[in-house]
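Here are the chains, one letter per residue:
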There are 2 protein chains.
Amino acid sequence: MDAAQSEPRPATQSDDACRTRVVLDIVGDKWSLLVVRHLREGPRRFTELKKAIDGISQRMLTVTLRSLERDGILTRTVHGVMPPHVSYELTEMGITLREATAPLLEWSVAHLARIDEARAAYDARTGPSAAS
Amino acid sequence: MDAAQSEPRPATQSDDACRTRVVLDIVGDKWSLLVVRHLREGPRRFTELKKAIDGISQRMLTVTLRSLERDGILTRTVHGVMPPHVSYELTEMGITLREATAPLLEWSVAHLARIDEARAAYDARTGPSAAS
DNA sequence: CGGAATCCAAGCCGATACTG
DNA sequence: CAGTATCGGCTTGGATTCCG
């Protein structure tokens, strides 16, 4: 999908809503924010990230890193070809993204218990057998 | 009804990381935040939401609303059975969730252009034909 | 070590049809 | 009006293999 530059939209609210999905796709991605968080203390190598992020496959780490690099969230630097040595580091924009998501993560920690309660109550209401 | 939860987890760091995914799954969902935003000015009916949220299918609206209801983000109220009249409204928790996501949405609007630039530059670098 | 490529199972989601 | 049920295409992502 490439943007049709020849059509300068009036920029309606629905446009804004659609466009925010670009960012929500990043944030909502299963691994993206985890990678960003693990880079907050500085550059990390591929294998470091792989070991630090529990459960991620090599393929998904590669895909996630490429995507974040393409979006300008982090940089990929090749230090040596033999043996290979690649490090990833947050860009300025990546750092501000992490800051922008901080309130959300705080909210998560603060409300996780209530979500669990709500889920349990809902499942009890709709039928114990319907519990996921 | 008091829940006698007698199993307090040790709550390690990896637990925290895993647990935040519960919320990230909500935020990252294709439609959830859109629904939440459209409820910010008060209760809305099913059909109102369907018309307001462009591109959502009836099925996905139902699924999304059920999920958000189960998580305690919104309430579902049946006002009449014939003809059917159902309204959805944010809970207090839903309102705070919307507030917690506000910084992220502001960040989105502020950085969308730079993301577009980064993507274009990346695609130009890696080969124009490789553009996703 | 860091990735690319292939295969394939699981699930997401839109379209459609049906219901109270 | 506000759903539920079902089918099928498409995407997602893990496992595996190969490569510089």
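Criteria and thresholds
- Residues numbered from 1 in each chain as written.
- Chains lettered and ligands numbered in written order.
- Predicted model: local features only at pLDDT ≥ 70, side-chain atom pairs only at ≥ 80, totals over all residues.
- Heavy atoms only, no water.
- Pairing = 2+ DSSP bridges.
- Helix = DSSP H or I, 4+ residues; strand = E, 2+ residues; numbered from the N terminus.
- Contact = heavy atoms within 4.5 Å.
- Axes fitted to C-alpha atoms, helices over the stretch in contact; angles between N-to-C directions.
- Near = heavy atom within 4 Å.
- Polar contact = N/O pair within 3.5 Å; in protein donor to acceptor, adjacent residues only side chain to side chain.
- Nonpolar A, V, L, I, M, F, W, Y, C, P; charged D, E, K, R; others polar.
- Expected span 1.5 Å × (residues − 1).
- Buried < 20%, exposed > 50% of the residue type's maximum accessible area, 1.4 Å probe, protein only.
- pLDDT = per-residue confidence, 0-100.
- Buried area = accessible area lost by both parts, 1.4 Å probe.
- Salt bridge = Lys/Arg side-chain N within 4 Å of Asp/Glu carboxyl O.
- Parallel < 35°, antiparallel > 145°, perpendicular 65-115°, else oblique.
- Least-squares fit on C-alpha atoms with pLDDT ≥ 70 in both.

Per an unreviewed UniProt entry, chain A carries the name Helix-turn-helix transcriptional regulator and comes from Streptomyces smyrnaeus.

1. Looking at the pairing of strand E3 (residues 85–90) of chain B
Within a regular strand, the side chains alternate between the two sheet faces. Residue and element names in this part refer to chain B. In this sheet, E3 lies alongside strand E1 (residues 44–45) in antiparallel orientation, the contact comprising two bridges. When the bridges of E3 are listed, Arg45 appears paired with Ser87. Two strands pair when backbone bridges link them, and strand E2 (residues 74–80) and E3 are joined in this way by six bridges, in the antiparallel orientation. Paired with Thr75 across the strands is Glu89, a residue of E3. Connecting the antiparallel pair E2 and E3 is a turn made up of four residues.

2. Topic: the sheet that holds E2(B)
All names here are of chain B. Ordered by their spatial adjacency, three strands build an open sheet running E1-E3-E2, and the pairing between neighbours is antiparallel. Among the strands making up the open sheet, the edge pair consists of E1 and E2. With respect to the sheet, helix H4 (residues 58–70) is in contact with E2 and E3, its orientation differing from that of E2 by roughly 115°.

3. A short note on the protein's contact with DNA strand C
As a structural note, the neighbourhood of DNA strand C is formed by 17 residues, with A:Phe46, A:Thr47, A:Arg76, A:Tyr88 and B:Met60 the closest of them. Restricting the count to atoms of DNA strand C within 4 Å of the protein gives a sugar and phosphate share of 66%. Here a phosphate oxygen of DNA strand C and a side-chain polar atom of A:Tyr88 are 2.6 Å apart. Of the residues that constitute the surface near DNA strand C, the class distribution is seven nonpolar, four polar and six charged.

4. Things to note about the protein's contact with DNA strand D
Near DNA strand D lie 18 residues; those nearest to it are A:Met60, B:Thr47, B:Gln58, B:Arg76 and B:Tyr88. Each atom of DNA strand D within 4 Å of the protein was classed as base or backbone; sugar and phosphate made up 65%. Contact distances for DNA strand D include 2.8 Å between a phosphate oxygen and a side-chain N or O atom of A:Ser57. Within the side chain of B:Tyr88, a nitrogen or oxygen atom sits 2.4 Å from a phosphate oxygen of DNA strand D. Of all the secondary-structure elements, those providing two or more residues to the surface near DNA strand D are helix H4 (58–70) of chain A together with helix H3 (46–52), H4 and E3 of chain B. At four residues, the largest contribution of residues to the surface near DNA strand D is made by H4(B). In the surface near DNA strand D, the residues fall into seven nonpolar, five polar and six charged.

5. Notes on H4(B)
Its 13 residues give H4(B) an end-to-end C-alpha distance of 18 Å, which sits within 8% of 18 Å, the value for a rise of 1.5 Å per residue. Those residues of H4(B) not exposed but buried are B:Leu61, B:Thr64, B:Leu65, B:Leu68, B:Glu69 and B:Arg70.

6. Some details on the confidence of the model for chain A
For chain A, per-residue confidence averages 86 on the pLDDT scale, and residues scoring 70 or more make up 83% of the total. Across residues 1–12 of chain A, confidence stays below pLDDT 50; counting only partners more than four residues off in sequence or on other chains, it has two contacts.

7. Quick look at the interface of chain A and chain B
Reports of interface size often rely on the accessible area that becomes lost once the parts have come together. Facing 41 residues of chain A, the contacting portion of chain B comprises 41 residues. When the two sides are added together, the surface that chain A and chain B hide from each other amounts to roughly 4200 Å², 66% of it contributed by carbon and sulfur. Where chain A meets chain B, there are four salt bridges. Between A:Asp71 and B:Arg119 there is a salt bridge, with the nearest N and O atoms lying 2.6 Å from each other.

8. Some details on the packing of helix H5 (residues 92–126) of chain A against H4(B)
Two elements in contact, H5(A) and H4(B), have axes whose closest approach is 8 Å; the angle formed by their N-to-C orientations is 115°. Between H5(A) and H4(B), the angle falls in the class roughly perpendicular. The residues of H4(B) that touch H5(A), namely those facing A:Ala118, A:Arg119, A:Tyr122, A:Asp123 and A:Arg125, are B:Arg66, B:Glu69 and B:Arg70. Of the residues assigned to the contact of H5(A) with H4(B), the class counts are two nonpolar, no polar and six charged.

9. A closer look at the relation of the copies chain A and chain B
Of the transformation superimposing chain A on chain B, the axial component is 0.0 Å and the angular component is 180°, with the fit at an RMSD of 0.1 Å. On this basis, the relationship between the two copies can be described by a two-fold rotation axis. Scanning chain A for the C-alpha nearest the rotation axis identifies A:Gly28, at a separation of 1.6 Å. When you check the interface residues of chain A against chain B, 98% turn up at the interface there too, and the contact is symmetric in its surfaces.

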